[in-house]
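Letter by letter, the chains look like this.
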Amino acid sequence: MSEPILIVGGGPAGLSAAHAAASAGRKVILVEKEDRLGGAPILSGYARLVPSHEWAADAIGAMVKRVVENPNVEVRLNTQVQAFSGEPGAFTATLKDGGNISAASTILTTGFTHFDSVNKPEWGFGTYPDVVTTTQVEQMISSGRGVRCPSDGRKPDRVAILLCVGSRDRQIGREWCSKICCTVSSNLAMEIREELPNSNVYIYYMDIRTFGLYEGEFYWGSQEEYKVKYIKARIAEVTSDGKRLLVKGEDTLVKRPISIPFDMVVHAVGMDPNVDNMTLSSVFGVDLNKYGYIGRANTYTTLCQTSRPGVFVAGAASGPETIDDSIAQGSAAAIAALNFAAGAVSAAAE
Amino acid sequence: MPIHEKSLIRPENLREQENLVIEGMDVSGHWSTFIESRAVTDYNEALQEEIAALPGGENIHRCWQCGSCTNACTVNAVNPEFNPRYWIYLIRLGMEDELLRDKDIIWQCVSCNKCTYACPRDVVPEGVMKATAHWLELKGHTPKSPSMLFDEVFAGQVIKTGRIEDGLVLRDFFKRTGQPLNQPWLVAMVLGLVKRFPLAYLIKLGIATIRPDRTRGWGRARDAINEYAEEVEAQNRKALGLGAKGAK
Ligand SMILES: Cc1cc2nc3c(=O)[nH]c(=O)nc-3n(C[C@H](O)[C@H](O)[C@H](O)COP(=O)(O)OP(=O)(O)OC[C@H]3O[C@@H](n4cnc5c(N)ncnc54)[C@H](O)[C@@H]3O)c2cc1C
Ligand code: SF4
Ligand code: SF4
Ligand code: SF4
């Protein structure tokens, strides 16, 4: 039987690829740099996922369980690939903690990095404790502590969610839309209203991108059932009057300046390219696209092919993706890698 | 639709019937006040391209109406009617009549570029404001703005002599904008200078004001700059469908 498939990154995409390849009877080695599998939803402690409303710990937890219990999968935690050489069908990867792995092909599922809100200082993150990110709100909910102002633990009366923080912004070199943050924000808004029925939640948007089936359940659901308010304005700055946060901007639909007090301001942070991508690019010899994600060689015939034959990519490693799409791409990459490895073996046999 | 709050309505859109009886009810005068609907009846498709053809307006097509320029804007903080985002919207859709309603405030942009640093789409709204003010002038909708006059006086002197003599620039600027020379702040400044500067320096300053220095061998540079400036001006006018030479 031929060499195993090496999968780098144990998030939704990597878990899906590992499951698919291992279920097809192939040996899989899954390398993850953190001490746990599960990727962003587990490592960052997301609460209920869009669109299933399942808890991340349960949903992604089940994916992890399925993979670690599969005898064809060998998981290597707390390590990374530091060198990668060879030809398609016979690659050798050297791990940071020592040891070589032989692999027929490789799938990069190394995901994304959360945008760091301190890079938009005008929106108050890092200056005012009650300015938080969607990730932090996810953690407040998933930990069971509930949504509270970090400064004094009070229940917020008014919450503002600012969309597109770290996305769609040429000023900071990030032109992409992060795809999921509109829907995640309307979902969080509903969760906040459910936990704190007396609260008021406002979403400040430039465009709303609750695409496909998310539109009815999240965009309209949040307004019709949960009375979440949507205001078309990109905020100029978040300051404080000493007691509450002040959100300033222009309500573009009524053409008037706004200056509104809030107890909590939430940044809907975007999905940056993984900070490791430069290193991954040079170790694996794959090109990055102009935004800094791992580039795809082709859109239609081999969805997951990178610039290097035998090395595939799936999930948020190649651009902002939802969990569902990352899972679908993980399976697609597994098929591509299996076929590729088989092709290499039969070619070698001739 | 009958209305109650007339102050919110543009006067030309108010309609009243002096004598009107409806079903036996006398509703003459303000009892029959109606509002003419403010329907948009046409788009000037050329407007965006015209603004984009003028220096500074190049990136106007990128705007997605987020409002960051307006809420960062120095002038908007003082006058909420000064709204670069809104004007960019009108220009992009070609709503020329609406734009012209604000022609007397558009030039008030102070070129602080706060909008430019706030804009997530790199539209450079400051440039767009400049291009729009320029467009209003070229089309004859507004007289030359004070800042335009200042630029002309300043540039005119550089082009003519290859140098800048501050006193002369101020004098010309005041003359062209019809302002008196004995502005209190200017008088205070000059008196302050006279008190503090050494005599020899003051004499030099005085001579320079009466007989400005020239950069030696400037003639060729001057001609080249003039030629270029005329070329640009002709281009701008052509982009706006105006004759090659305007009333200078
Ligand atoms: C606040 C927030 C909420 C979200 N909520 C939802 C939601 O409800 N529903 C939804 O569909 N999507 C949601 N998303 C998007 C979701 O997080 C991504 O779609 C998903 O995590 C992508 O999966 P992935 O496996 O491609 O990458 P990741 O989840 O980022 O996993 C990548 C894995 O690779 C590992 N890794 C990285 N670099 C290396 C390396 N050099 N060597 C080895 N291992 C490495 C990482 O440690 C990580 O375990 C949310 C995003 C954010 C920011
Ligand atoms: S999904 Fe929504 S919030 Fe996220 S970047 Fe796109 S438009 Fe902005
Ligand atoms: S440059 Fe003009 S439009 Fe821009 S912020 Fe300053 S005054 Fe406002
Ligand atoms: S900041 Fe830029 S994109 Fe936003 S409204 Fe102003 S010009 Fe348009």
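Residues numbered from 1 in each chain as written. Chains lettered and ligands numbered in written order. Predicted model: local features only at pLDDT ≥ 70, side-chain atom pairs only at ≥ 80, totals over all residues. Heavy atoms only, no water.

A.B. asks: In this structure, what is going on with the overall build of chain A? I would like to understand it.
C.D. replies: What chain A contains, in helices and strands, is eight helices and 18 strands. Rg of the C-alpha trace for chain A: 22 Å, near the compact-globule value of 20 Å for 350 residues, within the 12% margin. Oriented by its inertia axes, the alpha-carbon framework of chain A measures out at about 75 × 40 × 35 Å. About 14,500 Å² of surface is accessible on chain A, with carbon and sulfur atoms providing 52% of the total. For chain A, the distance from the average position of its 33 positive side-chain charges to the average position of its 38 negative side-chain charges is 5 Å. (Helix = DSSP H or I, 4+ residues; strand = E, 2+ residues; numbered from the N terminus. Rg over C-alpha atoms; globule rule 2.2 N^0.38 Å. Areas by Shrake-Rupley, 256 points an atom, 1.4 Å probe, with all protein chains shown as cover. Lys, Arg positive; Asp, Glu negative; His and termini not counted. Charge placed at Lys NZ, Arg CZ, Asp CG, Glu CD.)

A.B. asks: Please explain the packing of helix H4 (residues 84-93) of chain B against helix H8 (residues 125-138) of chain B as it appears in this structure.
C.D. replies: For any two helices packed against each other, one specifies the inter-axial angle together with the distance between the axes. All names here are of chain B. Following both chains from N to C, one finds H4 and H8 inclined at 60°, their axes separated by 11 Å at the closest point. Comparing their axes, H8 and H4 come out oblique. Two packed elements cross with a definite hand, and for H4 against H8 that hand is left-handed. Within the contact between the two elements, H4 uses Pro84, Trp87, Ile88 and Ile91 and H8 uses Pro125, Val128, Met129 and Thr132. Across the contact of H4 with H8, the residue classes tally to seven nonpolar, one polar and no charged. (Axes fitted to C-alpha atoms, helices over the stretch in contact; angles between N-to-C directions. Parallel < 35°, antiparallel > 145°, perpendicular 65-115°, else oblique. Left-handed = near helix turned anticlockwise from the far one by under 90°. Contact = heavy atoms within 4.5 Å. Nonpolar A, V, L, I, M, F, W, Y, C, P; charged D, E, K, R; others polar.)

A.B. asks: Would you take a moment to explain the nonpolar core for this structure?
C.D. replies: Residue and element names in this part refer to chain A. Of all hydrophobic cores here, the largest spans 36 residues; its most connected members are Val137, Val147, Ile161 and Leu163. Taken together, the elements giving at least two residues each to this core come down to helix H4 (134-142), strand S10 (158-165), helix H5 (181-195), strand S11 (200-205), helix H6 (214-224) and strand S16 (264-269). Of the residues forming this core, the biggest block, seven residues, is contributed by H5. Two domains each provide a minimum of three residues to this core, namely domain 1 (5-111 + 274-349) and domain 2 (117-271). Excluding its chain neighbours within four sequence positions, the residues that come into contact with leucine 163 are Cys181, Cys182, Ser185, Ile203, Tyr204, Tyr205, Asp207, Ile208 and Ala268. (Core = buried A, V, L, I, M, F, W, Y, C linked by side-chain atoms within 4.5 Å. Buried < 20%, exposed > 50% of the residue type's maximum accessible area, 1.4 Å probe, protein only. Domains from an automatic or database assignment.)

A.B. asks: Honestly, the confidence of the model for chain B in this entry has me stumped. Any pointers?
C.D. replies: Predicted coordinates in regions of low pLDDT should not be interpreted in detail. Looking at chain B, the pLDDT average stands at 88 and 96% of residues meet or exceed 70. Prediction confidence for the complex, expressed as pTM and ipTM, is 0.85 and 0.73 respectively. (pLDDT = per-residue confidence, 0-100.)

A.B. asks: Just to check I follow, could you spell out the sheet that holds strand S5 (residues 90-95) of chain A for this structure?
C.D. replies: Strands belonging to one sheet form pairs held by backbone hydrogen bonds; the direction of such a pair is parallel or antiparallel. Residue and element names in this part refer to chain A. With respect to topology, three strands assemble into an open sheet ordered S4-S5-S6, the strand pairing being antiparallel. Two strands in the sheet have a free side with no partner beyond their single neighbour: strand S4 (81-87) and strand S6 (100-103). Strand-to-strand twist of the sheet, defined as the mean angle between neighbouring strand axes without regard to direction, takes the value 20°. Bridge count between S4 and S5: six bridges; the pairing is antiparallel. Within S5, the residue paired with serine 85 across the bridge is threonine 92. (Pairing = 2+ DSSP bridges.)

A.B. asks: Could you clarify how one ought to interpret the sheet that holds strand S18 (residues 311-313) of chain A in this entry?
C.D. replies: Residues and elements named next belong to chain A. Strand order in the open sheet formed by five strands is S3-S2-S1-S7-S18, and the pairing between neighbours is parallel. Strands with a single pairing partner mark the edges of an open sheet, and in this sheet they are strand S3 (73-76) and S18. Averaged over all adjacent pairs, the angle separating strand axes in this sheet is 20°, with direction ignored. By the bridge criterion, four bridges tie strand S1 (residues 5-8) to strand S2 (residues 28-31) in an arrangement that is parallel.

A.B. asks: Before we go on, may I ask you to explain the site of ligand 1 in this structure?
C.D. replies: Residue and element names in this part refer to chain A. The full set close to ligand 1 counts 39 residues, and Glu32, Val50, Ala316, Glu321 and Ile323 are the nearest of them. Take proline 12: an N or O atom from its main chain is 3.1 Å from an oxygen atom of ligand 1. The contact in question runs from an oxygen atom of ligand 1 to an N or O atom on the backbone of alanine 316, over 2.8 Å. Starting from 990 Å² of accessible surface for ligand 1 in isolation, the protein chains cover 97%. Listed by contribution, the elements that provide at least two residues to the shell around ligand 1 are helix H1 (12-23), helix H2 (40-43), strand S8 (112-114), H4 and helix H8 (323-349). (Near = heavy atom within 4 Å. Polar contact = N/O pair within 3.5 Å; in protein donor to acceptor, adjacent residues only side chain to side chain.)

A.B. asks: Could you clarify how one ought to interpret unusual backbone geometry in this entry?
C.D. replies: With glycine set apart, most residues show a phi of negative sign, and most peptide bonds adopt trans. Residue and element names in this part refer to chain A. The residue after valine 50, namely proline 51, is reached through a cis peptide bond having omega 0°. Structurally, proline 51 is set in the loop between H2 and helix H3 (56-68). Within the chain, arginine 168 stands out as a residue other than glycine whose phi angle is a positive 55°. Mapping arginine 168 onto the fold places it in the loop between S10 and H5. Unusually for a residue other than glycine, lysine 255 sits at a positive phi of about 60°. For lysine 255, the location among the structural elements is in the loop between strand S14 (245-251) and strand S15 (256-262).

A.B. asks: Help me understand the domain arrangement of chain A in this model?
C.D. replies: Interface size is often expressed as the accessible area that is lost when the parts come together. Residue and element names in this part refer to chain A. What the domain assignment reports for chain A is domain 1 (5-111 + 274-349) and domain 2 (117-271). One C-alpha centre belongs to domain 1, the other to domain 2, and the line joining them spans 32 Å. Both faces combined, the contact of domain 1 with domain 2 buries some 1,600 Å², and carbon together with sulfur accounts for 61% of it. If you look at where domain 1 meets domain 2, you find two salt bridges. (Buried area = accessible area lost by both parts, 1.4 Å probe. Salt bridge = Lys/Arg side-chain N within 4 Å of Asp/Glu carboxyl O.)

A.B. asks: Any chance you could explain the packing of aromatic side chains here in plain terms?
C.D. replies: Aromatic ring pairs are reported here in terms of the distance separating the ring centres and the angle at which the planes meet. Residues and elements named next belong to chain B. Enumeration according to the criterion identifies 18 aromatic pairs over all chains in this entry. Ring geometry for phenylalanine 82 versus tryptophan 87: centroids 4.9 Å apart, planes at 85°, classification edge-to-face. The class for phenylalanine 82 is buried, based on a relative accessible area of 1%. Classification of tryptophan 87 by relative accessible area gives buried; the value is 0%. Both rings, one in phenylalanine 197 and one in tyrosine 201, keep their centres 5.0 Å apart while their planes meet at 90°; by these two values the pair is edge-to-face. We classify phenylalanine 197 as partly exposed; its relative accessible area is 30%. Counting every residue linked through ring pairs, the aromatic cluster contains Phe150, Phe154, Phe173, Phe174 and Trp185. (Phe/Tyr/Trp six-rings, centres within 6.5 Å; stacked < 30°, edge-to-face > 60°.)

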